[in-house]
Amino acid sequence: MSLNNCIINHFHPHPVTGKTEDSFVGLRIKGNDIHFFYPESYRFDIESDTIRNDVIDLLRTIAIAKTASFEPSKANNTTKVQGEFALVSYLWIIKDFLCNGFYVNREKSYKVNQAGRVDWKRTMQTQAIVSNGNIIYPNIIVSTKSTVDNLLVDIHKYCVKKSIDFIGWLFNLNSSFIETKPFNESIKKLYIKTIKQELDKTFDDDKRIRLKHILNIVKGLDASENNDEFVYGVDSYYYIFERMIDSIFGNVKNMRDFNPTAKWQLLRNNYKETKSSDLRPDTIIVKEDGNVFILDAKFYRFGYTGNEKDLPETTSIQKQITYGDFIKRNVTNIDIKVIYNAFLLPYDKERESFHSNENIQYIGFAKSTWKDNKIGHEIIHTFLIDLKHVVKAWSRLNHYEDVEYLVNEIIMQNFNAQSILGNGDLEIEKKD
């Protein structure tokens, strides 16, 4: 499945700022027009040879917002879909179709003494009768094609057509050559039942993979077929960026021990303690040497605008310091050496305004005016991380190099910051 031809007909890319009314990331397809909305810091060139891979990579990340989560932030990042957009299954079905054509059941069914094509090898393996010097096989084995096979062909054709309708434009494919039968709610139920029955009785691994992708597609199809607009995306990319950063860098899965919690004691309840909501750090790295790193993924615009007003605000700085204070005082199951703090903001490393080609670029640190800033976690180091690199790295299993680079850079920059602050920086700041 070649993706080299970079021309996509009726394709309209839109960089998104993330501001109110301009935060949707994903696809809107209406008629022949394809509108692709992507974060402004995601490096995207409509004339690039990688345009199709870039679109697919970003769309894959949107599925993160549909994974189960109990976090409050999840509620503000709902996925807009027509049915379920089974991107991976669409891609698989199209690739399989281009390689193998329409569905053919390679698992034959065999019956005895019925109409069909005689399988002489199986027939001759049965008990024969010798009569007057003749060998007679009373049980003729025939291979048959069931009505289920015919139905599966119809289901597969429909899935291929819908897959091409949804994302065939990525490969310059058109589904007009595929004729399918009408689709409605009752047909959808029949299709799902048929696929599940076939899955239950087959032991062919390749067939099972194909059937599972077909099932994913059928389950998500809109049975009405009346929608003239297809929408797939998220209202905000903030949550997805947070989850990708945690997937790449975090090594603490159970965060409960790291969540600061407040409590209420009300007069009307005789001052009985009532738990308030938790604060939850985005990402925690705990190293074997006792160093702990608190990372906060901020999907802010600084990495695009370079404007200091687009940096994290004081409330975010306070929150990071609070995480460090809490961990230092309350996390006792780790022999903690030093706690470090860092913000991670997205950027495009090839934008001229940043004069960098690094996937991770250090830009400075934040400090408070109510602390002495001598403890590691009281300084919040800030890094820009290339968004396209994040999208690519998230789908990989091994993130060792990224993690080691970041933690070593934080330690080094913390040493430099302490040196700067110890050389009269606070006094100069007071004079100003």
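Look above for the structure.
None of these values were measured; they are calculated from a predicted model.

A. Structural detail: the packing of aromatic side chains. Under the criterion given, the structure shown has 19 aromatic pairs. With 5.5 Å between their ring centres and 85° between their planes, Y347 and F354 make a pair best called edge-to-face. For Y347, a relative accessible area of 0% gives the class buried. Following the ring pairs from residue to residue traces out a cluster consisting of F11, F36, Y38, F44 and W169. The ring centre of F37 lies 5.9 Å from the NZ or CZ of R28, which sits over that ring. In this arrangement the basic side chain of R351 is found over the ring face of Y304, its NZ or CZ atom lying 4.1 Å from the centre.

B. Representation of the pairing of strand 3 (residues 33-39) in the model. Of all seven residues making up strand 3, five are buried, and the element is well covered by its neighbours. Where strand 1 (residues 11-16) lies against strand 3, six bridges are found, and the strand directions are parallel. Bridge pairing links V16 to P39 in strand 3. As defined by bridge partners, strand 2 (residues 25-30) adjoins strand 3 across five bridges and the pair is classed as antiparallel. Within the sheet, the bridge partner assigned to G26 lies in strand 3 and is F37.

C. Molecular detail of helix 7 (residues 238-249). Over its 12 residues, helix 7 extends 17 Å from the first C-alpha to the last, a length consistent with the 16 Å expected when each residue adds 1.5 Å. Of all the residues in helix 7, the buried ones are Y239, I240, F241, E242, R243, M244, I245, D246, I248 and F249.

D. Looking closely at the pattern of salt bridges. In the structure shown here, the tally under the stated rule is 18 salt bridges. A salt bridge links D386 to R43, with the nearest nitrogen and oxygen atoms 2.8 Å apart. In this pair, D386 is assigned in strand 17 (residues 380-386) and R43 in the loop between strand 3 and helix 1 (51-62), connecting sequence segments 343 residues apart. Of the two residues examined, D386 and R43, each falls in the buried class.

E. A look at the sheet that holds strand 15 (residues 339-347). Taken together, the five strands give an open sheet; going across it, the order is 13-14-15-17-16, and neighbouring strands pair in mixed fashion. Strand pairing shows two members of the sheet lacking a second neighbour, strand 13 (283-286) and strand 16 (360-366), which therefore form its edges. On average, each strand axis in the sheet is tilted by 25° relative to the strand beside it, whichever way the strands run. Bridge count for strand 16 against strand 17 is six bridges, and the pairing is antiparallel. Paired with A366 across the two strands is I380, which belongs to strand 17.

Thresholds applied
Residues numbered from 1 in each chain as written. Predicted model: local features only at pLDDT ≥ 70, side-chain atom pairs only at ≥ 80, totals over all residues. Heavy atoms only, no water. Phe/Tyr/Trp six-rings, centres within 6.5 Å; stacked < 30°, edge-to-face > 60°. Buried < 20%, exposed > 50% of the residue type's maximum accessible area, 1.4 Å probe, protein only. Lys NZ or Arg CZ within 6 Å of the ring centre and 35° of its normal. Helix = DSSP H or I, 4+ residues; strand = E, 2+ residues; numbered from the N terminus. Pairing = 2+ DSSP bridges. Expected span 1.5 Å × (residues − 1). Salt bridge = Lys/Arg side-chain N within 4 Å of Asp/Glu carboxyl O. Axes fitted to C-alpha atoms, helices over the stretch in contact; angles between N-to-C directions.

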